[in-house]
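Residue-level structural notes
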Amino acid sequence: MALKPRQTDFEVVRDQDKCISCQVCLRQCSNDVHEYDSDQDIIYSDNSQCVGCHRCESLCPTGAMKIKQSESEFRQNFNWSPAHIKNIYKQADSGGVLLTGMGADRPYPIYWDHILFNAAQVTNPSIDPLREPMEIKTFIGNKSDVVGVDIDQGETFNMKLKQDISPQLVLSTPILFSAMSFGSISFNACASLARAARQFGTFYNTGEGGMHKDLEIYASNTIVQVASGRFGVDIDYLKRAAAIEIKIGQGAKPGIGGHLPAEKVTEEVSNARMIPQGTDAISPAPHHDIYSIEDLMQLIYALKEATDYQKPVGVKVSAVHNVAPIASGIVRAGADFVTIDGLRGGTGAAPQAIRDNIGIPIELALASVDTRLREEGIRHKASVIAAGSIRSSADIVKAIALGADAVYIGSAALLALGCNLCQKCYTGKCNWGIATQDPYLTKRLNPNIGTRRLENLLRGWSLEIKEMLGGAGINAIESLRGNREHLRGIGIGEKELAVLGIKHAGEAW
Amino acid sequence: MSYCISAKGLNYRDLNQKIKVVLAKNPNPAMLTIKDVCGQKYIGDGIQADIQIQIYGVPGNDLGAFMDGPHIEVFDNVQDGTGNTMNEGSIIIHGNAGDILGYSMRGGEIFVEKSVGYRSGIHMKSYGKKVPVMVIGGEAGNFLGEYMAGGMIILLGLHKKESRQAEMTLGCDGEIVGNYVGTGMHGGIIYIRGRVSDYKLGKEVKQMAVDAQDKKILRTYIQKYQKYFGKSQPLKTDGFTKLIPFSHRPYGKLYAY
């Protein structure tokens, strides 16, 4: 019994008056939606193959195309959504696990949109960042318990710090590019991230896919990951990096490992990962040498020993229910930074059931981690990097006021490179040349343009962060960090306010 | 040029610093002897040098982690995490090894005279010309070669019943390996003396008889084992079975596209 759904997700609408049968749509589509009939000089489209990436629509020279959300033909049912029904049909056909890409798209509360930031009026003058210095430079790493200064009382008055300072990453803006591996994204996408990070004075993250040899020149702006599969990890990789991140989990798929299917393990991907070509690259769910905080500490110090204590070593975990005590353990284990990746964090491939149902939003996780670390008096011992769907400069300002030192952006960076959030990254057929290894597709992403677009995004957001800081009468991002008095909740209940540690809008100091 | 360091009373950090100072002064000394070792972690961690390191006493966890070249010989037992993500070199252990031996190792050789604990050879892999080899003289606990993606594990089953711990973990079936052998294995090869009960095998591996080519490989490594640990051991290449994965793509059919 064939129960192929008649209902398609998208509808390709072509204005035949405008269409000149140039076949750009046909050549641009890796999903074989369009077909040219030379007898009639007309292009037909197969709606069922369309993933809604809008590539054809964007490139149609006459504006003849429109990709529309298909109106469901299912009988309306508030319990059985079209998505549920279609998924069941698909799984009854294949017996497989449903895959998806990017971050959770379910309508869970987005707390950024229930938090308002403050501004100064009368009692505290606001500052114009265009006229006055505004410091958003950010340091990632362990901060000393105390800092003392020895002053040479001679003629020079040279000053020297009494303590050794732990290694720090210095960021020109509190934004880093999230871990995205070469393999899950194309070389051109990786190169764009690396070059934008170098030029803007921040860092990108290799993910667990190793470092492509052509990107080694950007090593001083690279955070390298050590994950359970240890792909691409050798002593040169560790020594080259600016910092090391142990990947325990990822917001889109807490608790599970990764399978890069063999067809994506091309020669170049196999070289970067140091694995044979044509076999699945399997990341076990846990690190099998880490079953406890003590074991984690052992890996942290194995990495520090290997790199002579010269670089920060951090740990990335997904935001799960118990994230606050876990983060406390991570800091006590000696991590220099903790990355918390929230429910809505993106991925190249994850089971849909897991992406959409496991973990908690970053806003709540971040607030509870920051609170816990402060209560325990260890907040300064590690930086906190928030991740998991940072969509705007306002989200960043709110994240920093909730306690983050900096944020990782992944989905936002890919959007800057042209992503349309079609969520089909796992197919390897990305028409925008981002989540694919197909040379025909990857050449669509020009790294020069990609670099410029990413830089533009960082520049725009940094200016906006400065504007918001200035508006609140703050001239250094340090003064905003964990400053929750500058936040107010709107339209949320007592419990959420308590977890976020903020007052409701309308409540004064 | 040979050097000698006493680890007596030293914290692991101080000991490893001393080793690095020796290497900084003389990048390729012929021999470094470390005496009085008592649980110091991370010896040889991340070292890139062609050097012989002899260790007397029991080194701590993560011996030779991320190591890239040295030849370490330990005249005692070793603890957990030996050879973690090792890239090149060799570790010869005159005794037993703890858990997670050779986790994710990509190259080099590990020889253990006696038995090893749980989770040995997890996610061993090979790459290009690098084929990591782990030879275990005695027995191995559960999860041997789990997620194995490449390389070779040889389990000789000598010194049987020497370790009560091994008897406790392996059961009374007389076999030399614990449960879940090669679970999730998708590359590489495991040679085990004797047969393994089917219930102990991961569902991704099959058990086969060894052929002439296998015997040649076994002979090479058994001879090496004898060279390291003395000639009294019997040299026999028969009675082995080999475990190889059914597929390089164990999860190829897991997903609905």
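What counts and how
- Residue numbers here run from 1 along each chain, matching the order of that chain's written sequence.
- Chain labels run from A onward and ligand labels from 1 onward, assigned in the order the entries are written.
- In keeping with the model being predicted, local features are shown solely for residues with a pLDDT of at least 70 and side-chain atom pairs are shown and tallied solely at 80 or more, while totals for entire chains, interfaces and linings include all residues.
- Each side-chain value is worked out from all heavy atoms of the structure, with water and hydrogens disregarded.
- Runs of E in the DSSP output that reach at least two residues are strands. Runs of H or I that reach at least four are helices, and both are numbered from the N terminus.
- The globule rule is 2.2 Å times the number of residues to the power 0.38, and the radius of gyration it is compared with is taken over C-alpha atoms.
- With a 1.4 Å probe rolled over the protein chains alone, any residue whose accessible area is under 20% of its type maximum counts as buried; one over 50% counts as exposed, and the rest are partly exposed.
- Note on contacts: a residue pair qualifies if any of its non-hydrogen atoms lie within 4.5 Å across the two residues.
- Values of accessible area rely on a 1.4 Å probe in the Shrake-Rupley scheme; residue burial ignores everything except the protein chains shown.
- Residues scored as positive are Lys and Arg, those scored as negative are Asp and Glu, and His as well as the terminal groups of each chain are ignored.
- Note on charges: their place is set at NZ of Lys, CZ of Arg, CG of Asp or CD of Glu.
- Pairing between two strands is assigned when DSSP locates at least 2 bridges connecting them.
- Where a domain begins and ends is set by an automatic assignment or by a domain database.
- When two parts are brought into contact, each loses some accessible area as probed by a 1.4 Å sphere; the total of that loss over both is the buried area.
- What counts as a salt bridge is simple: a side-chain nitrogen of Lys or Arg found within 4 Å of a carboxyl oxygen of Asp or Glu.
- Any pair of N or O atoms that falls within 3.5 Å is considered a polar contact. Within protein, one atom must be able to donate a hydrogen and the other to accept it, and sequence-neighbouring residues count only if both atoms are side-chain atoms.
- Note on residue categories: nonpolar means Ala, Val, Leu, Ile, Met, Phe, Trp, Tyr, Cys or Pro, charged means Asp, Glu, Lys or Arg, and polar means any other residue, Gly included.
- Angles run from 0 to 180 degrees between N-to-C directions of axes, and those axes are lines fitted to C-alpha atoms, restricted for helices to the stretch in contact.

Tallying secondary structure elements over chain B gives three helices and twelve strands in all. The C-alpha radius of gyration computed for chain B amounts to 18 Å, which stays within 12% of the reference 18 Å derived for 257 residues, consistent with globular compactness. Along the first, second and third principal axes, the C-alpha atoms of chain B reach 55 × 50 × 35 Å. The buried share among the 257 residues of chain B stands at 59%. When contacts within chain B are restricted to residue pairs at least 6 apart in sequence, long-range pairs at least 24 apart make up 43% of them. Surface accessibility of chain B: about 10,400 Å² in total, with carbon and sulfur atoms responsible for 51%. Each charge class in chain B can be summarised by its mean position, and for the 31 positive and 24 negative side chains these summaries are 4 Å apart.

A separate point is the sheet that holds strand β5 (residues 97–100) of chain A. Ordered by their spatial adjacency, three strands build an open sheet running β19(A)-β5(A)-β12(B), and the pairing between neighbours is mixed. Two strands bound the open sheet, and with one partner strand each, they are β19 (350–351) of chain A together with β12 (255–256) of chain B.

Below, the discussion takes up the domain arrangement of chain A. Residue and element names in this part refer to chain A. In terms of domain boundaries, chain A breaks down into domain 1 (10–96) and domain 2 (169–504). Centre-to-centre, using C-alpha coordinates, domain 1 lies 33 Å away from domain 2. Every contact between the two is made by twelve residues of domain 1 and, on the other side, ten residues of domain 2. Of the roughly 1,000 Å² buried at the junction of domain 1 and domain 2 (both faces included), carbon and sulfur atoms supply 45%. Viewed at the interface, domain 2 and domain 1 are joined by zero salt bridges. Taken together, domain 1 and domain 2 are joined by eight residue pairs in polar contact (both at pLDDT 80 or more). Of all the elements in the fold, those that place two or more residues in the side of domain 1 that touches domain 2 are α1 (24–28) and α2 (55–59). Grouping the amino acids of the side of domain 1 that touches domain 2 by side-chain chemistry returns three nonpolar, seven polar and two charged.

On to the interface of chain B and chain A, then. Each side of the interface is counted separately: chain B has 37 residues, and chain A has 48 residues. Buried surface at the junction of chain B and chain A, both sides included, amounts to about 3,800 Å², of which 54% is carbon and sulfur. Counting the contacts that link chain B with chain A gives one salt bridge. Notably, a salt bridge pairs K20(B) with D308(A), separated by 2.6 Å at the nearest N-O pair.

Here we take up the sheet that holds strand β7 (residues 133–136) of chain B. Residues and elements named next belong to chain B. What the eleven strands build is an open sheet, ordered β1-β2-β3-β4-β5-β6-β7-β8-β9-β11-β10; its pairing is mixed. Looking at the sheet topology across the chains shown, the edges are occupied by β1 (2–6) and β10 (205–209). Neighbour to neighbour, the strand axes of the sheet diverge by 15 degrees on average, direction disregarded. Here five bridges tie β1 to strand β2 (residues 31–38), and the two strands are oriented parallel to one another. Paired with S2 across the bridge in β2 is M31. Packed onto the sheet, helix α1 (residues 12–25) meets β1 and β2 and runs at close to 165 degrees relative to β1.

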